[in-house]
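An overview of the molecular structure
Residues per chain are reported as follows:
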Amino acid sequence: MTIENKVERGLFDEVMVPCYNPMEMIPVKGEGARVWDQEGKEYIDFAGGIAVSCLGHCHPAMVNALTEQGNKLWHLSNVMTNEPALRLAKKLTEVSFAEKVFFANSGAEANEAALKLARRYAADQFGPEKSEIIAFKQGFHGRTFFTVTVGGQAAYSDGFGPKPGDVTHLPYNDVDALREHISDRTCAIMMEPLQGEGGIIAPTDEFIQTVRELCDKYNALLIFDEVQTGNGRTGHFYAYQGLGVTPDILSTAKSLGGGFPIGAMLTTTELAQHLKVGTHGSTYGGNPLACAVAEAVVDVVSQPETLAGVAEREALFREGLAKLNDKYQIFAEVRGKGLLLGAALNDEWQGRARDVLVAAGKEGLMVLVAGANVVRFTPSLVITKEEIQEGLSRLDKALATLTK
Ligand SMILES: *Cc1c(COP(=O)(O)O)cnc(C)c1O
């Protein structure tokens, strides 16, 4: 590319809606857990496109699936079904409790489908009074108006006029608050089985058990938003499988496509029948390209070696972060599960997660934040040991500079 043609960060401010504030560097190539920018500078990727690139960048299984399908058939619409969609749906029913699948294009859309199904089921079965959705503070469920309203951060949902109604937010992990509030009017509880955006907050055993019990008692549906926790991220194919509690509806996206946009809502046959012909839909949902890639992703991620490898990598991260903490005294704790990890900053470092992200970037390491006080790591599930060590040593350099 000639110098005159070079696309630069400045162009973003000129032509893009300013709802993002991207970094200065522009990545142009990725391979495994490495990324290169326009200048050829190399980065180790501990961010994974926010828990999306579960097989790293340009994994051969994904590239093969995409190019093979790309030479066959791209799109049909849901006036017809297609082979990749049916194969993928079958596989998703094999790796989870689900018997039925609805395909969408993102996490928010999968959640939108989940919420609409819950409302429709309650209306059909129990009448219009049963419409309350209970969700949790700091929860995140996407940016469509319904899902952002169910999410527990008013800052994201305020300022757009009247919101979808009958949504209640309770504190996460507060068993008493839930017991006091839930009633026969409750249609569904929507929650993340480990809060991601909210700061990497795990549910207590008591809380997760109680949620299920109370849903059963009050005929409310339990919706697990596994958009971030799903597809091997916690070392189980879905996080619920490590919690001993099964939801009625599960949403999945992010790592499902490994970098190709796709989302899905999983549920039972009994519930699914309430979304009859014409009640819901999507032009692109179940697109053959997306489903072919996701099928390849599910094939690799669901292998026992891949899932077992997540725990091994988690141990390397925890060990490395503990060593860095001995040296720099910056973290209060490292929390999360599998390769959805958060290093919470201690009192002295409150509000400085973004400083760590910027310092890491300068050393050639991509990390994420989850709020102002947590540095988040959501790398590829197949990141190599050597890439982890290299990334941690770059983090070491970043922290050395920051603490100087
Ligand atoms: C990212 C995320 C979403 C939204 O997914 P999109 O693909 O951005 O719509 C929803 N829920 C959770 C838990 C997420 O982490």
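From a predicted model like this one, the values you see are computed outputs, not experimental measurements.

1. Some remarks on the overall build of the chain
Tallying secondary structure elements over the chain gives 14 helices and 15 strands in all. The C-alpha atoms of the chain give 21 Å as radius of gyration, which agrees with the globular expectation for 404 residues (22 Å, within 12%). With the C-alpha coordinates of the chain rotated into their principal frame, the extents come out at 60 × 55 × 45 Å. Out of the 404 residues in the chain, the part that is buried amounts to 52%. Pairs at least 24 residues apart make up 71% of the contacts formed inside the chain by residues separated by at least 6 positions.

2. As for the sheet that holds strand β3 (residues 42-45)
If you walk across this open sheet you meet the four strands as β1-β2-β3-β13, and the pairing is mixed. Each edge of the sheet is formed by a strand with only one pairing partner; in this case those strands are β1 (27-31) and β13 (365-366). Sheet topology note: the β1/strand β2 (residues 34-37) ladder contains four bridges and is antiparallel. Pairing of P27 across the sheet is with D37, part of β2.

3. A word on the side chain of T234
In this fold, T234 is placed in the loop between β8 (221-225) and β9 (249-252). Residue T234 is classed as buried on the basis of its relative accessible area, which comes to 6%.

4. Here's the deal with the UniProt feature "binding site: pyridoxal 5'-phosphate" (unreviewed entry) in the chain
The positions UniProt marks with the feature "binding site: pyridoxal 5'-phosphate" (unreviewed entry) are G107, A108, F140, D225, E226, V227, Q228 and T283. With the annotated positions falling across 177 residues, the maximum pairwise C-alpha distance of 24.9 Å shows that they are not confined to a single cluster. Within the annotated group, the residues that form the lining of the largest cavity are F140. Within the secondary structure, A108 sits in helix α5 (residues 107-126). Once residues lying within four places of it in the same chain are set aside, the contact partners of A108 are H141, G142, R143, T144 and T147. In this fold, V227 is placed in the loop between β8 and β9. Aside from chain neighbours lying at most four places away, what touches V227 is G107, N111, S251, T252, A253 and K254.

5. Thoughts on the pattern of salt bridges
One pass over the full model with this rule turns up 22 salt bridges. E386 is the partner of R34 in a salt bridge, and the nearest nitrogen-oxygen pair spans 3.6 Å. In this pair, R34 is assigned in strand β2 and E386 in helix α14 (residues 385-403), connecting sequence segments 352 residues apart. By relative accessible area, E386 is classed as partly exposed at 45%. For the salt bridge of E314 with R318, the shortest nitrogen-to-oxygen distance reads 2.9 Å.

6. Regarding the site of the ligand
Neighbouring the ligand are S106, G107, A108, N111, F140, H141, G142, E192, D225, V227, Q228 and K254. Within the side chain of D225, an N or O atom sits 2.7 Å from a nitrogen atom of the ligand. Surface burial for the ligand is 81%, taken as the share of its 380 Å² of free accessible area covered by protein chains. For the shell around the ligand, the element with the highest residue contribution is α5, accounting for three residues. Looking at the shell around the ligand residue by residue, the classes come out as three nonpolar, six polar and three charged.

7. Points about unusual backbone geometry
The residue C58 is not glycine, and still its phi comes out positive at about 55 degrees. Although it is not a glycine, D166 sits at a positive phi angle of roughly 60 degrees. By the element assignment, D166 lies in the loop between α7 (154-157) and β6 (167-170).

8. Re the sheet that holds strand β5 (residues 132-136)
Think of a sheet as strands paired side by side through backbone hydrogen bonds, with each pair either parallel or antiparallel. If you trace the seven strands from one edge of the open sheet to the other, you get β4-β10-β9-β8-β7-β5-β6, paired in mixed fashion. A strand with exactly one partner marks an edge of an open sheet, and here the two such strands are β4 (100-104) and β6. Here the strands of the sheet are splayed against their neighbours by 20 degrees on average, with no regard to which way each runs. Bridge count for β5 against strand β7 (residues 186-191) is three bridges, and the pairing is parallel. Its bridge partner lying in β7, I134 is registered against I189. Relative to β4, helix α4 (residues 83-94) is tilted by about 125 degrees, and along the sheet it contacts β4 and β10 (263-267).

9. Comments concerning the domain arrangement of the chain
Its domain assignment divides the chain into domain 1 (3-59 + 304-403) and domain 2 (73-301). Contacts between domain 1 and domain 2 engage 25 residues on the former and 23 residues on the latter. Buried surface at the junction of domain 1 and domain 2, both sides included, amounts to about 2000 Å², of which 62% is carbon and sulfur. When the buried surface of domain 1 facing domain 2 is broken down by residue, L307, K337 and L340 rank first, second and third, together holding 30% of it.

10. Here's the deal with the UniProt feature "modified residue: N6-(pyridoxal phosphate)lysine" (unreviewed entry) in the chain
When the UniProt feature table is mapped onto this chain numbering, "modified residue: N6-(pyridoxal phosphate)lysine" (unreviewed entry) sits at K254. Mapped onto the elements, K254 comes out in the loop between β9 and β10. Given the relative accessible area of 21%, K254 is considered partly exposed. Discounting chain neighbours no more than four positions away, the residues touching K254 are I50, A51, V52, E197, V227, Q228 and I262.

11. Regarding empty space enclosed by the protein
Counted according to the given criterion, the structure contains one cavity of 30 Å³ or more. Reported here for the largest cavity is a volume of approximately 40 Å³. By residue class, the composition of the lining of the largest cavity is three nonpolar, seven polar and no charged.

What counts and how
Residues numbered from 1 in each chain as written. Predicted model: local features only at pLDDT ≥ 70, side-chain atom pairs only at ≥ 80, totals over all residues. Heavy atoms only, no water. Helix = DSSP H or I, 4+ residues; strand = E, 2+ residues; numbered from the N terminus. Rg over C-alpha atoms; globule rule 2.2 N^0.38 Å. Buried < 20%, exposed > 50% of the residue type's maximum accessible area, 1.4 Å probe, protein only. Contact = heavy atoms within 4.5 Å. Pairing = 2+ DSSP bridges. UniProt positions renumbered as here; feature names shortened; annotations may be inferred. 1 Å grid on protein atoms, 1.4 Å probe; cavity = no way out; pocket = protein on both sides within 12 Å on 5 of 7 lines; lining within 4 Å. Salt bridge = Lys/Arg side-chain N within 4 Å of Asp/Glu carboxyl O. Near = heavy atom within 4 Å. Polar contact = N/O pair within 3.5 Å; in protein donor to acceptor, adjacent residues only side chain to side chain. Areas by Shrake-Rupley, 256 points an atom, 1.4 Å probe, with all protein chains shown as cover. Nonpolar A, V, L, I, M, F, W, Y, C, P; charged D, E, K, R; others polar. Axes fitted to C-alpha atoms, helices over the stretch in contact; angles between N-to-C directions. Domains from an automatic or database assignment. Buried area = accessible area lost by both parts, 1.4 Å probe. Points joined across faces, edges and corners; volume = space filled by probe spheres on them.

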